[in-house]
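Coordinates in review
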Amino acid sequence: MSILRAEAVSRCFGAFPALRGIDLEVGLGQRLGIVGESGAGKTTLIKLLAGLDQPDSGQVWFDQKIVSGRPERDLGFLRSSLQIVFQDPRSSLNPRMRVGSIITEPLRSKRVRRELNDIDQRQRLGEVLKMVDLPADSADRYPHEFSGGQRQRIAIARALAPKPQVLIADEPVSSLDVSVRAQVINLLADLVEREGLTLLFVSHDLMVVRHLCDSVIVMRAGEIVERGQSAEVFEHPQTDYTKALWAAVPRIRV
Amino acid sequence: MRKAQLNIGLVLVGLVILAGVLSLLWTPYDPIRVTSNRLLPPGWPHLLGTDGMGIDIASRLLIGARYCLIVGVISVGVAAVVGVPLGMLAGMRGGWLDELTMRVADIVYAFPALLLAMLLAAAFGASTGTAMAAIGIATIPAFARIARAGTLQVVASDFVLAAKAAGTSRWGIAARHVFPNIAPLVGVQASVGFAMAILAEAALSYLGLGTPRPTPTWGAMLRDAQDVWYTQPVQALWPGLSIALAVLGFNLLGDGMRDVLDPRLREVK
Ligand SMILES: Nc1ncnc2c1ncn2[C@@H]1O[C@H](COP(=O)(O)OP(=O)(O)OP(=O)(O)O)[C@@H](O)[C@H]1O
Ligand SMILES: [Mg+2]
């Protein structure tokens, strides 16, 4: 059964078509990698799937309910069950909010609370801080007091707070120091496993996608040019484009 | 260097506030009653001398500080309370509402504040109130513009997108995300606006379009000093110096605040 579905979704910015007729189905529990060169439309696609932007044509569905074209006040069901981790925690965390309010923000929205069975905010805050390995006293501090990796953990904690079914991560480590990337990726992998999350994972790092995702779509110029099980796509790429992407990955010779 | 600016600004502004508050409780002499001790030079017991009506200048300066604060607070307050929400609304909604707000702001901005003051004075009689209204209305566009510019920047950031994904309402985004992040800009604008309001009020009083006699505002004192300019130029020095230092103080304060209020600039790692 699919939890997330896009039907013939297109999005233009001015005359420029960023997405051209995308069809996509994501099943419950699936871990989908989204790869493709810069400007392929990956971020544009996930914004549409997350109801943060509207398609010019086509429809987006979540759990058999239509998302596209729906007014924000009716999107509580989506906000409570689909969360995003953005690329750069320096811009995805409000510098003037304490970490505690940042993380509990999804729990304070009336629209979201209507969908949740009484989550105690303080208790949940403690839980998610522990899940991402941040000290309990982080809640009273401001984002700028944390390192890049810690800030991305804060963003992950916020995404987990409403106990979502679907987690979308848009290049979650590309803005981080190389030395902490693996830690954050491993944390994400653990959490997805433990919470049984459906994952959409955008990345330029094909090795990580292969490690983390069971399936993958390859995007180019606003279209999906290849899709399938990740092992299959990476072992036997069908298009020259995917072959080229894969060939560009530095590998240790065995 | 920045720190020094802020400190000098704080001291000057502090002095104006101190003088204004003090004038509520005490002045060395009656600041209004005419006496026969005209045009005494600085000395004792009239520290800064007396003016052409035999009134103690130090006492008048203290009262002037009070009026400059009142005019500044109310005119800047009105401008900010009207201008900031308008600018935020324009920035968050965009589209025709944004266009309309900004065109109106352009028109108000282009309308000479002096003409507005004259119109208000003609309609209601010149008073502190008409001066404050004229200055306040003329300053609304500055606040609306700065608030809109700041809002556009904040609204484009990922944390606002994250707030939407968290189901936060427009109001919540305006109150918790946009306003706190544009507050430093607004604070700086308020300080600079305060300086401009002091100057404008002095000019209006000087022209007789502000606070009427016998209330001693600094602008009015400057006007009185003009009568004896060739024989007693020092009479113009005191109100002139007061205006200059107060304006400088609020400008320095605004500049200094720009840095201190922004936590992102404190992050030096
Ligand atoms: N708000 C916007 N206005 C105009 N053009 C946009 C906008 N957002 C995206 N685009 C354009 O749409 C195209 C796809 O952008 P998108 O951000 O989805 O790419 P991406 O695959 O996420 O790339 P990257 O790997 O660099 O993040 C790009 O050419 C981009 O310039
Ligand atoms: Mg992107």
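Summary of the structure given here. None of the values given here were measured: they were computed from a predicted structure.

To continue, consider the packing of helix α2 (residues 57–93) of chain B against helix α7 (residues 170–206) of chain B. Residue and element names in this part refer to chain B. Where α2 meets α7, the closest approach of the two axes is 8 Å, and the angle between their N-to-C directions is 145°. Along this stretch, α2 crosses α7, giving a crossing that reads as right-handed. Partitioning the contact of α2 with α7 into residue classes produces 18 nonpolar, three polar and three charged.

The next point concerns the interface of chain B and chain A. Listed by partner, the interface residues are 23 residues for chain B and 25 residues for chain A. At the boundary of chain B with chain A, the tally comes to one salt bridge. Among the salt bridges present, the one from glutamate 105 of chain A reaches arginine 176 of chain B, with a minimum N-O distance of 4.0 Å. Our count for the chain B to chain A interface comes out at 12 residue pairs in polar contact (both at pLDDT 80 or more). Counting residues per element, the side of chain B that touches chain A draws most heavily on helix α6 (residues 158–165) of chain B, at seven residues.

Quick look at the pairing of strand β9 (residues 215–220) of chain A now. All names here are of chain A. The buried fraction of β9 amounts to five of the six residues, a majority that puts the element mostly inside the structure. The pairing of strand β3 (residues 31–36) with β9 spans five bridges and is classified as parallel. Along β9, the bridge assignment pairs valine 35 with valine 218. Bridge count for β9 against strand β10 (residues 223–229) is six bridges, and the pairing is antiparallel. Opposite arginine 220, over in β10, you have glutamate 223 as the bridge partner. Between β9 and β10, which follow one another and run antiparallel, lie two residues, and alanine 221 among them has a positive phi close to 50°.

Residue and element names in this part refer to chain A. The strand order across the open sheet built from four strands is β2-β1-β4-β5, with neighbouring strands paired in antiparallel fashion. Strand pairing shows two members of the sheet lacking a second neighbour, β2 (16–27) and β5 (65–66), which therefore form its edges. Relative to β5, strand β4 (residues 57–62) runs antiparallel, the two sharing two bridges. Looking at β5, one finds that tryptophan 61 is bridged to isoleucine 66.

Two pairing modes exist for strands in a sheet, parallel and antiparallel, and in both the strands are linked by backbone hydrogen bonds. Residue and element names in this part refer to chain A. What the six strands build is an open sheet, ordered β6-β7-β8-β3-β9-β10; its pairing is mixed. Looking along the sheet, the strands with just one partner apiece sit at the ends: β6 (82–85) and β10. Pairs of neighbouring strands in the sheet enclose a mean axial angle of 15°, with direction left out of account. Inspection of the sheet shows β3 paired to strand β8 (residues 198–202) by four bridges, in the parallel sense. Paired with arginine 31 across the two strands is leucine 199, which belongs to β8. Contacts between helix α11 (residues 240–247) and the sheet are confined to β3, β9 and β10, with β9 contributing the most and set at about 105° to the helix.

It is worth spelling out the nonpolar core at this point. Core analysis: the largest hydrophobic core is formed by 50 residues, its most contacted members being Ile103, Val132, Ile154, Ile156, Leu160 and Phe201 of chain A. Residues within four places of phenylalanine 201 of chain A in sequence aside, it is in contact with Leu32, Gly33, Ile34, Ala169, Pro172, Ile185, Leu188, Val208, Val209, Leu212 and Cys213 of chain A. Judged by nonpolar contacts, the second largest core, of 41 residues, contains Met88, Val188, Ala246 and Val247 of chain B.

Now for the site of ligand 1. All names here are of chain A. Inspection of the region around ligand 1 gives 13 residues, with Ser38, Gly39, Lys42, Thr43 and Thr44 positioned closest. Between an oxygen atom of ligand 1 and a side-chain N or O atom of serine 38, the distance comes to 2.4 Å. Taking glycine 39, its main chain carries an N or O atom lying 2.8 Å from an oxygen atom of ligand 1. Of all the secondary structure elements, the ones that give two or more residues to the shell around ligand 1 are β2 and α1 (42–49). The element that contributes the greatest number of residues to the shell around ligand 1 is α1, accounting for three residues. Residue composition of the shell around ligand 1, grouped by class: four nonpolar, six polar and three charged.

Once that is clear, we can look at the packing of aromatic side chains. Residues and elements named next belong to chain B. Tallied over the full model, the rule gives three aromatic pairs over all chains. The interplanar angle of 10° and the centroid separation of 4.1 Å between the aromatic rings of phenylalanine 194 and phenylalanine 250 together place this pair among those described as stacked. Pair noted here: phenylalanine 194 is in helix α7 and phenylalanine 250 is in helix α9 (residues 234–260), with a separation of 56 residues, a long-range link. Comparing phenylalanine 194 with phenylalanine 250, the two get one shared label, buried. We note arginine 145 situated over the ring of tyrosine 109; from NZ or CZ to the ring centre the distance is 4.7 Å.

This brings us to the environment of arginine 20 of chain A. Residues and elements named next belong to chain A. Tracing the chain through its elements places arginine 20 in strand β2. Of the residues examined, arginine 20 reaches a relative accessible area of 39% and is grouped as partly exposed. A sequence separation of 158 residues divides arginine 20 from valine 178, and the C-alpha atoms of the two residues are 34 Å apart. Those residues in contact with arginine 20 that sit more than four places away from it in its chain are Val9, Ser10, Ala221, Gly222 and Glu223.

Let's shift gears to the side chain of glutamate 105 of chain A. The topology assignment puts glutamate 105 of chain A in helix α4 (residues 99–108). Residue glutamate 105 of chain A is classed as buried on the basis of its relative accessible area of 1%.

Residue and element names in this part refer to chain B. A grouping of Ile70, Val73, Ile74, Val78, Val81, Val82 and Leu86 is seen on the molecular surface, where their side chains present a nonpolar patch of about 540 Å² in accessible area. Here isoleucine 74 is to be found in helix α2. A relative accessible area of 39% means that isoleucine 74 is categorised as partly exposed.

So, how was this worked out
Residues numbered from 1 in each chain as written. Chains lettered and ligands numbered in written order. Predicted model: local features only at pLDDT ≥ 70, side-chain atom pairs only at ≥ 80, totals over all residues. Heavy atoms only, no water. Axes fitted to C-alpha atoms, helices over the stretch in contact; angles between N-to-C directions. Helix = DSSP H or I, 4+ residues; strand = E, 2+ residues; numbered from the N terminus. Left-handed = near helix turned anticlockwise from the far one by under 90°. Nonpolar A, V, L, I, M, F, W, Y, C, P; charged D, E, K, R; others polar. Contact = heavy atoms within 4.5 Å. Salt bridge = Lys/Arg side-chain N within 4 Å of Asp/Glu carboxyl O. Polar contact = N/O pair within 3.5 Å; in protein donor to acceptor, adjacent residues only side chain to side chain. Buried < 20%, exposed > 50% of the residue type's maximum accessible area, 1.4 Å probe, protein only. Pairing = 2+ DSSP bridges. Core = buried A, V, L, I, M, F, W, Y, C linked by side-chain atoms within 4.5 Å. Near = heavy atom within 4 Å. Phe/Tyr/Trp six-rings, centres within 6.5 Å; stacked < 30°, edge-to-face > 60°. Lys NZ or Arg CZ within 6 Å of the ring centre and 35° of its normal. Patch = residues over 30% accessible without salt bridge, like charges linked within 9 Å, V, L, I, M, F, W, Y side chains within 5 Å. Areas by Shrake-Rupley, 256 points an atom, 1.4 Å probe, with all protein chains shown as cover.

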